[in-house]
Amino acid sequence: MTEVHGTAEDLQGVLFAEGTGPRPAAEGFEDADAVAAAVEGAATSMEVSGGVVGTGTDGAGGVRVDTTAIAALASALSGVATDLCFALAGMAPLAAELELWSLSGQPQAVHAAALAGLVAVDLLGVGEGVAATGGRLLLAQLRYAALEDVLTGAFSRAALDTPLGAVGSSVVREVCRTAEDVDVALARAGIGSPEEFGRKVEFTAFGVVVRGGGPRGTDALIRGIGLDDIADAALRVPLGGTGSGVADDAPDGTAPGPHPPATGAADTGAAGTEAGRATSSGGLTLGQYLRFRAVEMLSEYGRPEGGAHHAAGGAVEGTAGGAAGAGEKDVLAAAGGILAPVVAALMLDAPGIPRWYTAWRTGRRLRPAEVAERAVTDNLRPWLTAQALKPATREVFTALTPANAAAHRMTGMDRRALPAGIENPGTIPTTVAGTAAALKDAKNIVSGAGPNGTPVENSTVMVQKAVDEQGRRTFSVVLTGTEEWVDSPGVHDLKGIAEGMTARVDAPLTELPQAQRMAVQALQDAGIQEGDAVVLSGHSLGGIDAAGLAANTQFRERYYVEAVTTYGAPVGDFAIPESTSVMAVEHVDDVVPALDGVANPDSGHRSTVRLSTAYPLALTGEAGFTGVGAHDMNLYAVGSQGISQSHHPAVAAHEQRLADVVPHGPGTRTETYVYEGWEEH
């Protein structure tokens, strides 16, 4: 049962009215100079793929070794050396004649002969030097070419077509990026001797510190391959099949994974697959497979007792706990199904997964390794029970109004923290930087503490309406990230992730995930009409919800979805039509965007910006290896400032779309509508 309490009202004055003092700086981002240096570092480190045809994949900065240019320079120097040799040869008769005249004893002739000899010697020395320089350049070209071959050419086409090809390509990309970052840092630090290198470069367990190697004299923090790269590579391993969950070579036509619902095509003709996902030429990936299996298992464990698929307690047959009910056997079999492809992939036998899995589930005698898998599955039961996704018996969407703002712990503009030097005036932004700041503000709308000081989950969505003097209007949906990693009473939790990642593209608006339904309700309260323009933005889970709304056919039939901007979100397999400009911002150390198991599509309307922004605890075990620090919305707010300052063509095109559709400037009126949601189990 869903209840909606009241109608959201315009909260612009409550949330964004000018306060009495400066806004506080976010923890860890209090130093304006350090923030400015991080912004500059983000702008020079960013890499952009897609977005504008013909722009290539290079970002605003980074070092690229152009061996073609080296070869051309070496060839030119070789030509100079040849010309010098010709000039030297042309001087030979003149020098000989001057030498003969010097025999007459005339001082002028002697001096001229000596001068000619010196010139010849100098020319010979210059020619040798030029030739040597050309030789060194040629050697450098050969060395760089060899390095390039080792890093990127060691994979033949046949190797790249194998499941491990994607793993190798991801690792090579990260190694190259790290090498470029080191080159840039060493150049900034002005290291010109081994002694300076030893004094300014420090190697740690999680990366390299180059003192003075960052922008504006800051220290450069360079991290190599981390958990994000490992996950990105491993989860993209293809399992075969067509991408619809059905393996090509399964004998009985069944799939090694769940059977996601089929959907219709996107409104531009691009075919959609399960949950509105973009079609993958490589078929189902390990990440996609594990995602649907995990949601299936956690949902099974969360169903109420007496349900058709309730896990009835006890152990699976053949284990120490004795016999189990059929429902639990199904769930444990699903858990074992997660381990099967992982083990097969690690044993380099990924192409044989469908046959292996199908035989395993038909009841043949288990091998010792498979018995071990079932034992592991049995040990997972306590974790699965604790993380179970429970169905809601009642959902409440409470409209926030000026009258009840205090009761909902509303936080005004002057009390909401942003990194030093980052501003958000409260209007709908038309830049990547402004959108990130607005998302951070939305995250802080509800303070997160109740009257007694206990933490309160911030399960809110924000919708803003901008209207210009001519009456043209656009609606902005701002969706924040995960608050709880369990199925909590709020909507920004583990269940929200599960619902968002498995939502059907053709689902009715009344059956969308909770946060998305709250957004639709807020849009309706704000006065949206069919055919109105909408822009969507979100961080983490909010990015999933933003992409889910943009891919939903009913939502698109009612409203024009002009642009989607996501930060740190796994949105690669959402099928979003070409009529929408999509930009995904990802920190290179952030593991969350890799969790969908597919690469982001690169096309004229979709782009991905990967950047590196210095952040607190980057080189510690607490946040460095796991990438937790890189997922913080404060850091995305800092890095996005650099993105907007880069003037990259793809960034400029996306921001131009926002500026074209969103009313802004003098005379524009902005209204803000907020809902808070929770559920009972």
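Sequence positions are assigned chain by chain, starting from 1 and proceeding in written order. Owing to the predicted nature of the model, reporting of local features is limited to residues with pLDDT of at least 70; listing and counting of side-chain atom pairs is limited to 80 or more, with chain, interface and lining totals taken over all residues. The side-chain quantities take in all heavy atoms of the structure and omit both hydrogens and water.

1. A look at the pattern of salt bridges
The term salt bridge refers to a pairing of a side-chain nitrogen on Lys or Arg with a carboxyl oxygen on Asp or Glu at a separation within 4 Å. Per the stated rule, a full pass over the model turns up 22 salt bridges. Residue Glu-680 pairs with Arg-394 through a salt bridge whose shortest N-O separation is 2.8 Å. With Glu-680 in strand S13 (residues 669–680) and Arg-394 in strand S6 (residues 394–400), this residue pair connects regions lying 286 residues apart in the sequence. Glu-562 serves as the salt-bridge partner of Arg-657, at 3.3 Å between the closest nitrogen and oxygen. Placement of the pair is Arg-657 in helix H19 (residues 649–661) and Glu-562 in strand S10 (residues 560–567), with a sequence separation of 95 residues. Shared partners join several salt bridges into a network, and the residues in it are Glu-3, Arg-394 and Glu-680. Strands are runs of DSSP state E lasting at least two residues, helices are runs of H or I lasting at least four, and both sets are numbered from the N terminus onward.

2. Side note on the side chain of Lys-465
Residue position: Lys-465 is located in strand S7 (residues 460–467). Whether a residue is buried, partly exposed or exposed follows from its accessible area with a 1.4 Å probe, protein chains only, as a fraction of its type maximum: under 20%, in between, or over 50%, in that order. Looking at Lys-465, the relative accessible area reads 10%, which means it is buried. Within the local environment of Lys-465, its side chain forms a polar contact with the backbone oxygen of Ala-526, the two atoms lying 2.9 Å apart. In this analysis, two residues are considered to be in contact whenever any of their non-hydrogen atoms come within 4.5 Å of each other. When sequence neighbours within four positions are dropped, the list of residues in contact with Lys-465 reads Ile-428, Arg-473, Thr-474, Phe-475, Ala-526, Arg-669, Thr-670 and Glu-671. Counted as a polar contact is a pair of N or O atoms within 3.5 Å, where, for protein atoms, one must be capable of donating a hydrogen and the other of accepting one, and residues adjacent in sequence contribute only when both atoms are in side chains.

3. Focus: a nonpolar patch on the surface
To count toward a patch, a residue needs a relative accessible area over 30% and no salt bridge; like charges are then connected within 9 Å, while nonpolar side chains (Val, Leu, Ile, Met, Phe, Trp, Tyr) are connected within 5 Å. Exposure was quantified through the Shrake-Rupley algorithm and a 1.4 Å probe, taking into account, for residues, occlusion by the shown protein chains and nothing else. A grouping of Val-175, Ile-225, Leu-227 and Ile-230 is seen on the molecular surface, where their side chains present a nonpolar patch of about 290 Å² in accessible area. Tracing the backbone through its elements, the reader meets Ile-230 in helix H8 (residues 227–235). Judged by its relative accessible area of 47%, Ile-230 is partly exposed.

4. Regarding the packing of helix H2 (residues 32–45) against helix H18 (residues 633–646)
Axes here mean lines fitted to C-alpha atoms, for a helix over just the part in contact, with angles spanning 0 to 180 degrees between N-to-C directions. With their axes 7 Å apart at the nearest point, H2 and H18 run at an angle of 55° to one another. In terms of orientation, H2 and H18 fall into the oblique class. For the element pair H2 and H18, the recorded crossing hand is right-handed. Residues Val-35, Ala-38, Val-39, Ala-42 and Ala-43 of H2 lie in contact with H18, whose contacting residues are Val-638, Gly-639, Gln-641, Gly-642 and Gln-645. Residues are grouped as follows: Ala, Val, Leu, Ile, Met, Phe, Trp, Tyr, Cys and Pro are nonpolar; Asp, Glu, Lys and Arg are charged; every other residue, Gly included, is polar. Looking at the contact of H2 with H18 residue by residue, the class counts come to six nonpolar, four polar and no charged. Any angle that falls under 35 degrees is termed roughly parallel, while one over 145 is termed roughly antiparallel, one within 65 to 115 roughly perpendicular, and all others oblique. Handedness of a crossing is defined here by the sense of rotation of the near helix relative to the far one, left-handed for an anticlockwise turn of less than a right angle and right-handed for a clockwise turn.

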